[in-house]
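# Commentary on secondary and tertiary structure
The lines below spell out each chain.
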Amino acid sequence: MGFHEERFPASLSFGSVGGPERRTEVVTLANGFEERNTPWAFSRHRYDAGLGMRSLDDVEELIAFFEARQGQLYGFRWKDWSDFKSGKASIDPHFEDQVFAIGDGVTGAFQLNKTYASGEASYVRPITKPVAGSVTVGIQGDQLQESIHFDVDTATGMITFDHPPDEGVEVTAGFEFDVPVRFDTDRIHTSVASFQAGQVPSVPVVEVRI
């Protein structure tokens, strides 16, 4: 699958609308009870990039980005302004935001992830596109130094340690991240007259599995 490690202009995605979607299969039985199941282990995010357009210059930038990706052919990075940090949106990421692994003394590489919790239920989301320079990592409350104690693959979200974390220790991280997406259309309809009248093009974007 083709993917460009290029972020959609953040100034344009700021005004977009979107978020996670799930696929749930609901079967109503003869007695009125329901059976619910899902074929998806992970949620999938969708957005509309067109709603962030505020000027004709923005439209021109969108078209240039669309053409460079050749429509749906190549994926790209997307900043979801409603969910792009390991912790609270109002504060900077901290290396103890997320426990993303437990050491076993053998494994030296782990996938970044973010846990969403509500009550006793939780959902663990793999983070495959961390933002370069934003990742901090710690072990048992001690912050580590990138390029000395660990390395980050920003194309996959894998954290590789120079020495496997000891058995039973918590491995934590703080980071910003992007969503891997592609355009969900092979054409963009624009009209200068319509845009100036307040109408914006619809440009659907959908998350891709990496």
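Summary of the structure given here. (Residues numbered from 1 in each chain as written. Predicted model: local features only at pLDDT ≥ 70, side-chain atom pairs only at ≥ 80, totals over all residues. Heavy atoms only, no water.)

### Focus on the overall build of the chain
When its secondary structure is counted, the chain shows 3 helices and 17 strands. In the chain, which comprises 210 residues, the proportion classed as buried is 40%. Within the chain, residue pairs in contact and separated by at least 24 positions form 74% of the contacts whose partners lie at least 6 positions apart. By element, 49% of the accessible surface of the chain is carried by carbon and sulfur atoms, the whole surface being about 11600 Å². Between the centroid of the 18 positive side chains of the chain and the centroid of its 32 negative side chains there is a distance of 7 Å. (Helix = DSSP H or I, 4+ residues; strand = E, 2+ residues; numbered from the N terminus. Buried < 20%, exposed > 50% of the residue type's maximum accessible area, 1.4 Å probe, protein only. Contact = heavy atoms within 4.5 Å. Areas by Shrake-Rupley, 256 points an atom, 1.4 Å probe, with all protein chains shown as cover. Lys, Arg positive; Asp, Glu negative; His and termini not counted. Charge placed at Lys NZ, Arg CZ, Asp CG, Glu CD.)

### Some thoughts on the pattern of salt bridges
Taken as a whole and judged by the stated rule, the model has 10 salt bridges. One salt bridge in this structure joins R46 and E21, with 2.9 Å as the shortest N-O distance. Here R46, found in strand 5 (residues 44–48), pairs with E21, found in strand 2 (residues 17–21); they are 25 residues apart in sequence, far enough to count as distant. On the accessibility criterion, R46 (33% relative accessible area) is partly exposed. For E34, the salt bridge is made with R36, and the minimal N-O distance between the two is 2.8 Å. Its relative accessible area of 43% is what places E34 among the partly exposed residues. Linked through salt bridges whose partners overlap, the residues forming this network are E5, R7, R77, K129 and D178. (Salt bridge = Lys/Arg side-chain N within 4 Å of Asp/Glu carboxyl O.)

### Overview of the packing of aromatic side chains
Geometry of an aromatic ring pair is reported as the spacing of the ring centres plus the angle between the planes. Within this structure, the stated rule accounts for 16 aromatic pairs. A centroid spacing of 4.8 Å and a plane angle of 45° characterise the contact between F76 and F183, whose relative ring orientation is tilted. Pair noted here: F76 is in strand 6 (residues 75–78) and F183 is in strand 16 (residues 179–183), with a separation of 107 residues, a long-range link. An identical accessibility class is assigned to F76 and F183; each is buried. In textbook terms, an aromatic cluster arises when at least three aromatic residues are bridged by ring pairs, as seen for F8, Y47, F65, F66, F76, W78 and F183. A cation over an aromatic ring shows up here: R22 above the ring of Y123, its NZ or CZ 4.5 Å from the ring centre. Its end group placed over the ring of W81, K79 keeps NZ or CZ at 3.8 Å from the ring centre. (Phe/Tyr/Trp six-rings, centres within 6.5 Å; stacked < 30°, edge-to-face > 60°. Lys NZ or Arg CZ within 6 Å of the ring centre and 35° of its normal.)

### A word on the side chain of K114
Its location among the elements puts K114 in strand 9 (residues 113–118). In this structure the side chain of K114 is engaged in a polar contact, spanning 2.7 Å, whose partner is the backbone oxygen of K85. Sequence-distant contacts of K114, that is, excluding residues within four places in its chain, are made with D83, K85, S86, G87, Q98, Y123, V124, R125, I127 and F177. (Polar contact = N/O pair within 3.5 Å; in protein donor to acceptor, adjacent residues only side chain to side chain.)

Nothing here speaks to function; it is all geometry.
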